[in-house]
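# Analysis of the macromolecular model
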Amino acid sequence: MTQTDTRNDLSAIVAADRAHVWHHLSQHKPYETTDPRVYVEGKGLTLWDATGREFLDAVSGGVWTVNVGYGRESIADAVRDQLVKLNYFAGAAGTVPGALFAERLIEKMPGLSRAYYSNSGSEANEKVYKMVRQISHRHHAGKKSKILYRERDYHGTTIGTLATSGQKQRAEQYGPFPEGFVEVPHCLEYRAQWDTADYGRRAADAIEEVILREGPETVGCLVLEPVTAGGGVIVPPEGYWPRVQEICRTYDILLHIDEVVCGLGRTGTWFGYQNFGIEPDFVTMAKGVASGYAAIACTVTTQAVFDLFKDDAADPLGHFRDISTFGGCTSGPVAALENMRIIEDEGLLENTKAMGARCLANLRDLMDRHPVIGDVRGMGLFCGAELVVDRDTKEPMDEARVQAVVAHCLSQGVIIGATNRSLPGYNNTLCLSPALTVTAAEIDRITGAIDAALTAVFG
């Protein structure tokens, strides 16, 4: 470790954190008697904390973000050089990195045309909801304003995006929520809701049933994750996506794909939806767009959607009347350009497919030895293992015992994740999402730590 803070004793840093920082997703009562963990440096997939302890990060910064790994000097250099030249101007005007990244991004997304910059995935998704509502008012006499979302999917932490949270615990105690958001059933075949051979099509048909119940003339948009992330790492079954596309076209419903987690290589393609041959109207992204080296999010649309906002130039309400202050930062797109170059030049999409296959194979081997693993699923370097009390009944493992597995891996110096405080009774899936640079040896170390943890916790 080449420690970022030059002081040998970082106890004052830890004390300052403990006294003044309000950590995300954290109950702070334990910090009254124990120190929070403070990370000080990273390189590749390796992190060091303030005590000098080393960890292998299998969750890319905790929330599927650091796609190209830690310590990328070329990204830091590009950001520094740009900030000296021009750090910011509001998105009402253009900048060089903003134009160049939009051009490069659209090259990777055939059929899409325009990129709107903001600074977080929640914000990118909320922009879509606002666009859909404005389209409803301007082109459908106020109808087609409802937005459908899927059980188990998650789209952000604002009040608007929590109205589309398919993870009930994420939204608890934050209501009341705005009206016009309607849930459709999940598509996890392991926990089948219908007895049928063609499960993917049946799960998609359930979306049509909701549309017909609500009235197709009232539904403007359907928002889905290509692969469900925090809801349990769910890859939709075969036949699901073609039927979803057909339904949206039949009822003139805009299709919004939330790529905040899956985008920029996580599934082995530039975007998760590209594994399924679908043609969305909106695609949102954040996290891996710049691998956490700068804040950036994008809402990407078709030209047809964009044109709906310039039909009457004389109307003062005729354009998209929105702004994201930090969508005007140049650090985001310049970091994103270098992030994309690294993915291309280092063949990280190919590595993601190869190492993802290895990770899933290793997890299936663990499943042969550990009866508590009920299901293994995933795509690319986005893998999950659902833990159960009994394979026959599929009774979910208690969340506390799942977290004990996570804690045991941490004690071995390996950081893994698990669904938590998302789905009452179903926070039982181990989650892995290492950087796209991960090696075979690192994959084996990650799954080896899980092996030891399952043995320690369950015998």
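Looking at an unreviewed UniProt entry, one finds the chain named Aminotransferase class III-fold pyridoxal phosphate-dependent enzyme, with Maritimibacter dapengensis as its source organism. Annotation of the chain in UniProt includes, under Cofactor (unreviewed entry), the sentence "pyridoxal 5'-phosphate". In its Sequence similarities (unreviewed entry) section, the UniProt entry covering the chain states "Belongs to the class-III pyridoxal-phosphate-dependent aminotransferase family."

### Overview of the pattern of salt bridges
Counted under the stated rule, the structure contains 30 salt bridges. Across the pair aspartate 49 and arginine 37 runs a salt bridge whose closest N-O atoms are separated by 3.3 Å. With aspartate 49 in strand S2 (residues 46–49) and arginine 37 in the loop between helix H1 (11–20) and strand S1 (39–43), this residue pair connects regions lying 12 residues apart in the sequence. The exposure class assigned to aspartate 49 is buried, which follows from its relative accessible area of 4%. Among the ionic pairs, arginine 377 bridges to aspartate 375, the shortest N-O distance being 2.7 Å. Accessibility classification places arginine 377 together with aspartate 375 in one group, the buried group. The network of salt bridges with common partners includes Arg104, Glu107, Lys108 and Glu344.

### Quick word on helix H12 (residues 348–369)
Taking 1.5 Å per residue, 22 residues should reach 32 Å; H12 reaches 31 Å between its end C-alpha atoms and fits that length. Of the residues making up H12, those classed as buried are Leu348, Leu349, Thr352, Met355, Gly356, Cys359, Leu360, Asn362, Leu363 and Leu366. For H12, the angular spread of buried residues about the axis comes to 160 degrees, placing them on one side. For H12, the exposed residues lying more than 90 degrees away from the buried face are Glu350, Lys353 and Asp368. The inward-facing, buried residues of H12 abut helix H11 (331–345), strand S11 (373–378), strand S12 (383–390), strand S16 (429–432) and helix H14 (440–458).

Calculation rules
Residues numbered from 1 in each chain as written. Predicted model: local features only at pLDDT ≥ 70, side-chain atom pairs only at ≥ 80, totals over all residues. Heavy atoms only, no water. UniProt positions renumbered as here; feature names shortened; annotations may be inferred. Salt bridge = Lys/Arg side-chain N within 4 Å of Asp/Glu carboxyl O. Helix = DSSP H or I, 4+ residues; strand = E, 2+ residues; numbered from the N terminus. Buried < 20%, exposed > 50% of the residue type's maximum accessible area, 1.4 Å probe, protein only. Expected span 1.5 Å × (residues − 1). Arc of directions from axis to C-beta. Contact = heavy atoms within 4.5 Å.

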